[in-house]
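Residues per chain are reported as follows:
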Amino acid sequence: MKYFKTPGCFCLMYLFVYFFISPLLQFAVQDRYLFMIVFYLVLLGLGIGYLKLCREDVKKRLHLKPLRPAAALLSVLLAFTILPFISLINNVSQLIFRDFITSSVSTASQNPWLSILALSVLPGIVEEVLFRGVLYSGLRKARPIKGILLTALFFGIAHMNFNQFSYAFVLGLVLGLLLEASDSIYSCMLLHAAFNGVSVITSIIYGLTGNSSLMNQTVSTAQRLQAIAVLIPVSIAFLVLSVLILIAISRLCGRSGYLKTWLNKDIRRSWPNEKAAGISYYAALIISFGYAVLLELVSYASSYL
C-alpha cells in the first residue's frame, strides 16, 4: 500500500490507461469526440478511485476550496495574458518538432458543442484533478517549487509529443503557481478550460465562416520567424501582466504572505528535504519521452515515403 500511494505509481497507472485502455476505447467508440469524452471520464474515474483506494481525503487532496468570484475572473483573464508567451513557445517549437494538434482542433466546427466539451471543458476539469490534484499533492511534500517543476514536467510529456510538451510544460508551471496563489483547484480548471477553449472556439468560428482551411495552412519558416519576432515583445509585456494577476489572486485569497516566504533563502533552506519522486516517477518520464521520440521519428519517416 505504501508504494501504491507514491506519485510514481500513479504516473504508471496513467500510462497504463493511455497505452492500453485508450486503444480499446478508440476501437469501441468510433466518433472522435465521443471517444475523448469517454476517455476523460475514465481518467476522472482513475483519479477519484485512486484517492479512495488510498483512503485519502478527496476534498483536501484536490484543494476543492471555494473560489472568490473576483479570483475566478482573474484566473480566466490569466489564460489570455499567458497566451502570447505560449504562442511564442509553440512557434519556436514548430521550427524543430512536428505539430500533432492543429489538424485535430481544426475539425471542431463539425461538432461544436461536443468539441468544446471534449477539447476544453473536460480537459480543464479532468487534467487538473489528475495533475494539480492527485499528482502535485503527492510530489509537493514540503517543497512546493520542486513539486511544481516535477508536476509540470510530467504534465507536459503526458501529451506524448515534443511540440505540445514545450508549451504544456510552461502552462503546467503557471497552473502550479496559480494553485498555490489561490489554494483552490477551481482556479486551475477555469484557466485550463479557457486556455483550451480559445483554440477550439477559434476553429469553430473559422469553420462556420468557411475559412477552416486556414487552420491547416502550411506556415513557412520565414513566416514563423516573423511571427516569433513580433511575439517576443508582446509576450514580455503580457508576462508582466500575468505576474501582476497572480499577485492579485494571491492577495484576494490571502496567500500573498505565504508566497513571499518563497523568496527568502533562509526559509527555503528550512524546508524539510523530503524525497518527492522515486524510480517509478522517472520511469514514467522515460517511457513518455521515449514514446514522443518514436512518434517524432515515425512522423519524419512517413513524410519522406
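It should be emphasised that the depicted structure is a prediction, and the values quoted were computed from it without experimental measurement. Every chain is numbered on its own, with residues counted from 1 as its sequence reads. Side-chain atom pairs in this predicted model are given and counted only at pLDDT of 80 or more, local residue features only at pLDDT of at least 70, and totals for whole chains, interfaces and linings cover all residues. The basis for every side-chain value is the complete set of heavy atoms in the structure, and neither hydrogens nor water enter the calculation.

Structural notes on the overall build of the protein chain
The helix and strand labels rest on DSSP assignments: H or I over at least four residues marks a helix, E over at least two residues marks a strand, and numbering proceeds from the N terminus. Across its full length, the protein chain holds 14 helices and zero strands. Helices (α) and strands (β) of the protein chain occur, in sequence order from the N terminus, as α-α-α-α-α-α-α-α-α-α-α-α-α-α. Relative to the compact-globule value of 19 Å for 305 residues, the protein chain shows a C-alpha radius of gyration of 20 Å, a close match. Counting only C-alpha atoms and orienting by the principal axes, one finds that the protein chain spans roughly 55 × 45 × 35 Å. Only protein chains enter the accessibility calculation, which uses a 1.4 Å probe. A residue is then buried if its area is under 20% of the maximum for its type, exposed if over 50%, and partly exposed in between. Put simply, the protein chain has 305 residues, and 45% of those count as buried. Here the Shrake-Rupley method, with its probe set to 1.4 Å, supplies the accessible areas, and only the displayed protein chains count as covering residues. Here the protein chain has roughly 15300 Å² of accessible surface; of this, 69% comes from carbon and sulfur atoms. Distance from the positive charge centre (24 side chains) to the negative charge centre (11 side chains) of the protein chain: 7 Å. We compute the radius of gyration over the C-alpha atoms and compare it with the globule rule, which gives 2.2 Å times the number of residues raised to the power 0.38. Counted charges follow a simple rule, with Lys and Arg positive, Asp and Glu negative, and His plus the chain ends left uncounted. Charge positions come from single atoms, namely NZ of Lys, CZ of Arg, CG of Asp or CD of Glu.

Some remarks on the confidence of the model for the protein chain
Averaged over all residues, the pLDDT of the protein chain is 90; the fraction at 70 or higher stands at 93%. One number per residue, pLDDT, summarises how confident the predictor is, and it ranges from 0 to 100. Per-element confidence in the protein chain ranges from a low mean pLDDT of 64 for helix α6 (residues 102-105) to a high of 97 for helix α4 (residues 69-81).

Some points on the pattern of salt bridges
One side-chain nitrogen of Lys or Arg within 4 Å of one carboxyl oxygen of Asp or Glu is enough to make a salt bridge. All chains considered together, the criterion is met by six salt bridges. One salt bridge in this structure joins Glu180 and Arg255, with 3.0 Å as the shortest N-O distance. On the criterion of sequence distance, the pair formed by Glu180 in helix α9 (residues 162-182) and Arg255 in the loop between α11 (221-252) and α12 (256-260) is long-range, its members being 75 residues apart. Residue class for Arg255 comes out buried when judged on its relative accessible area of 16%. Between Arg255 and Asp183 there is a salt bridge, with the nearest N and O atoms lying 3.9 Å from each other. A residue pair is termed long-range when its members are at least 10 positions apart, and Arg255 in the loop between α11 and α12 and Asp183 in the loop between α9 and α10 (185-208) qualify at 72 residues. Using a relative accessible area of 14% as the deciding quantity, one classes Asp183 as buried.

Here's the deal with the environment of Tyr300
Among the secondary structure elements, Tyr300 is positioned in helix α14 (residues 279-303). Its relative accessible area of 28% is what places Tyr300 among the partly exposed residues. Placed 174 residues apart in sequence, Tyr300 and Val126 show a C-alpha to C-alpha distance of 32 Å. Working rule for contacts: check all heavy atoms of both residues, and any pair within 4.5 Å makes them a contact. In this structure, Tyr300 is in contact with Ile96, Phe97 and Arg98, ignoring residues within four places of it in sequence. For Tyr300, the side chain forms a polar contact with the main-chain oxygen of Ile96, separated by 2.7 Å. As used in this structure description, the phrase polar contact means that two N or O atoms lie within 3.5 Å; if the pair is within protein, one of them must be able to donate a hydrogen and the other to accept it, and residues adjacent in sequence are counted only when both atoms belong to side chains.

Focus on α9
Expected span, for any helix, means 1.5 Å times one less than how many residues it has. If you check α9, its first and last C-alpha atoms are 30 Å apart, about what 21 residues at 1.5 Å a residue would give, namely 30 Å. Burial within α9 is extensive, with 18 of its 21 residues counted as buried. Its side-chain oxygen placed 3.4 Å from the backbone nitrogen of Asn163, Asn161 serves as the N-cap of α9. Asp183 lies just past α9 and shows a positive phi near 60°.

Overview of the nonpolar core
Among the buried residues, those of types Ala, Val, Leu, Ile, Met, Phe, Trp, Tyr and Cys that are joined through side-chain atoms within 4.5 Å form a nonpolar core. One finds Leu43, Phe154 and Leu191 to be the most contacted residues of the largest nonpolar core, which totals 76 residues. Ignoring any residue separated from it by four or fewer positions in sequence, one finds Leu191 in contact with Ser75, Leu78, Ala79, Ile82, Leu171, Val174, Leu175 and Leu178.

Some words on the UniProt feature "transmembrane region" (unreviewed entry) in the protein chain
Per the UniProt record, "transmembrane region" (unreviewed entry) is annotated on residues 7-27, 33-51, 72-93, 113-135, 147-178, 184-208, 228-249 and 279-301. Note that residues 72-93 is 95% helix and 0% strand, and that its end C-alpha atoms are spaced 31 Å apart. Secondary structure content for residues 228-249 is 100% helix and 0% strand, and the end C-alpha separation is 30 Å. UniProt positions are given in the numbering used here, feature names are shortened, and annotations may be inferred rather than shown by experiment.

Focus on the packing of aromatic side chains
For this analysis, a ring pair means two rings from Phe, Tyr or Trp (six-membered ring only for Trp) whose centres lie within 6.5 Å, classed as stacked if their planes differ by under 30 degrees, edge-to-face if by over 60, and tilted for the remaining angles. A complete count under the given rule lists 21 aromatic pairs for this structure. Where Phe4 meets Tyr50, the ring centres are 5.2 Å apart and the plane angle is 45°; that geometry is what we call tilted. Here Phe4 is found in the segment before α1 (7-28), whereas its partner Tyr50 is found in helix α2 (residues 32-53), with 46 residues between them in sequence. We classify Phe4 as partly exposed; its relative accessible area is 23%. On the numbers, 5.2 Å between centres and 70° between planes, the contact of Phe131 with Phe155 is edge-to-face. One end of the pair, Phe131, is in helix α7 (residues 112-140); the other, Phe155, is in helix α8 (residues 144-157), with 24 residues separating them in the sequence. As far as the burial class goes, Phe131 and Phe155 line up, both buried. Among the aromatic residues, those joined into a ring-pair cluster are Tyr14, Tyr18, Phe19, Phe35, Phe39, Tyr40, Phe131, Phe154, Phe155, Tyr281, Tyr282 and Tyr291. We call a charge positioned above a ring when the Lys NZ or Arg CZ atom is no farther than 6 Å from the ring centre and deviates by at most 35 degrees from the ring normal. The side chain of Arg98 reaches across the aromatic face of Tyr300, ending 4.1 Å from its centre.

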